[in-house]
Amino acid sequence: MKKISRNNIRRSLLPLAAGIFALMLESCIIAGKAPAPPPPPPPAPKHTRQGPPPWAPAHGYRARTQYIYFPAIEVYYDLDAGVYVYLERGRWVRSRSLPPSLRRHDLRKMKKEELPPGIKPQQHHQAKGKGNRGRGR
C-alpha cells in the first residue's frame, strides 16, 4: 500500500480549495451588485372630467350661489349642472356651451352677478323686467 504524504494531500486538495474559494468570491460579487431599478410607473391618467370654467367661483361659493348671471349677454351659468341657461327665440335653453354668437365674449372679464340658491333664471329674468323676450341668437 502506498503511503500518503502530506504533500500529496495538499496537492489533491489545492484545486478543490481553489474552486470553493472561486465560488465564494463569485457569490460575493453577485450579492454586492445593486438590483436593477424598477421600471418607471405608467403615466398617470389625464384628468378627463371637466371642472367648472375658469371664471366660476371656488367650491365654497356653491353653498351660497347656484347661478352666475352675465347681464351684458343675458346668460346664466348653472354651477351644479355645469350648463349655460339662456333665452333663445322665447324658449329657455340649457347647453354645455354658449351659442356661437356669444363665444367671442371673454366671460372672465365680464360683470357677473351671483344668484342665491332657490332663484331660477326665469324668476330672476322676469324680476329684472326682461319678460320673455328672447333675442334671436
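A few points on the structure. (Residues numbered from 1 in each chain as written. Predicted model: local features only at pLDDT ≥ 70, side-chain atom pairs only at ≥ 80, totals over all residues. Heavy atoms only, no water.)

Considering the overall build of the protein chain
No. 1: Regarding its fold elements, the protein chain presents two helices and five strands.
No. 2: Traced from its N-terminal end to its C-terminal end, the protein chain shows the element sequence α-β-β-β-β-β-α.
No. 3: Counting every position in the protein chain, which comprises 137 residues, the buried fraction comes to 26%.
No. 4: For the protein chain, the share of sequence-separated contacts (at least 6 apart) that also reach a separation of at least 24 residues comes to 56%. (Helix = DSSP H or I, 4+ residues; strand = E, 2+ residues; numbered from the N terminus. Buried < 20%, exposed > 50% of the residue type's maximum accessible area, 1.4 Å probe, protein only. Contact = heavy atoms within 4.5 Å.)

A short note on the sheet that holds strand β4 (residues 91–95)
No. 1: Here five strands make up an open sheet; going across it, the order is β4-β3-β2-β1-β5 and the pairing antiparallel. Edge positions in the sheet fall to β4 and β5 (113–115), since each of these pairs with one other strand and no more. Going from strand to strand, the sheet's axes swing by 25° on average, the running direction of each strand aside.
No. 2: Here four bridges tie strand β2 (residues 75–78) to strand β3 (residues 83–88), and the two strands are oriented antiparallel to one another. By the bridge assignment, Asp78 is partnered in β3 with Val83. (Pairing = 2+ DSSP bridges. Axes fitted to C-alpha atoms, helices over the stretch in contact; angles between N-to-C directions.)

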